[in-house]
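# Tertiary structure, described
For reference, the chains in residue letters:
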Amino acid sequence: MSSAADQLAAAHARMTPAEIAAHALDLADELERMHQAFNAATSAHNSLVTSLANLVATQKSTVRSIHALSQAGRKREAREVLAKAVAIADLEPLTLVAGVNWSPEIFSPAAKTKEPVH
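Figured I'd write up the structure that's included with this text.

So, how was this worked out
Residues numbered from 1 in each chain as written. Predicted model: local features only at pLDDT ≥ 70, side-chain atom pairs only at ≥ 80, totals over all residues. Heavy atoms only, no water. Helix = DSSP H or I, 4+ residues; strand = E, 2+ residues; numbered from the N terminus. Buried < 20%, exposed > 50% of the residue type's maximum accessible area, 1.4 Å probe, protein only. Contact = heavy atoms within 4.5 Å. Salt bridge = Lys/Arg side-chain N within 4 Å of Asp/Glu carboxyl O. Patch = residues over 30% accessible without salt bridge, like charges linked within 9 Å, V, L, I, M, F, W, Y side chains within 5 Å. Areas by Shrake-Rupley, 256 points an atom, 1.4 Å probe, with all protein chains shown as cover.

Looking now at the side chain of T62. Here T62 is to be found in helix α2 (residues 17–71). The exposure class of T62 is buried, given its relative accessible area of 16%. Contact partners of T62, with chain neighbours within four places excluded, come to V81 and A85.

This is the structure in structure tokens:
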């Protein structure tokens, strides 16, 4: 498989200057969409990391509380706090996002098509 630059050069060799200009605009639009998608994914990732960090901090604090109650001889209270902590930690299973199969077709568009090929 040739590189994107090779595909782009080969496609442009068969295109008129007007078609090359239209394709450049299509590529710019595609790049902008990819940039927006990347920013959205980054924001979602950062939110998830923050949420998980907060959950871990809360659980650590709970474990310390359970330990302190247990050390103080307050076993019943320690068991109650533990039961609540287990209930909170019983989260829904997380869903993994499937990998994205990027297509190099944008680099060698059909010369007759005015819309980008994705």
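The next point concerns the pattern of salt bridges. Between side chains of opposite charge, a pair can form when the charged atoms approach closely. Evaluation of the coordinates by the stated rule reveals three salt bridges. For R33, the salt bridge is made with E30, and the minimal N-O distance between the two is 2.9 Å. Taken as a pair, R33 and E30 lie in helix α2 at a separation of three residues, close to a single helical turn. Note on R33: relative accessible area 40%, which makes it partly exposed. The closest approach of N and O atoms between E80 and R76, which form a salt bridge, is 2.8 Å. Residue E80 and its partner R76 are located together in helix α3 (residues 75–89), separated by four residues, close to a single helical turn. Relative accessible area serves as the criterion here: at 40%, E80 is assigned to the partly exposed category.

Where nonpolar side chains cluster on the molecular surface, the patch consists of M34, V100 and W102 and spans about 350 Å² of accessible area. Examined against the element boundaries, M34 turns out to sit in helix α2. Classification of M34 as partly exposed rests on a relative accessible area of 36%.

Geometric values such as these leave the question of function open.
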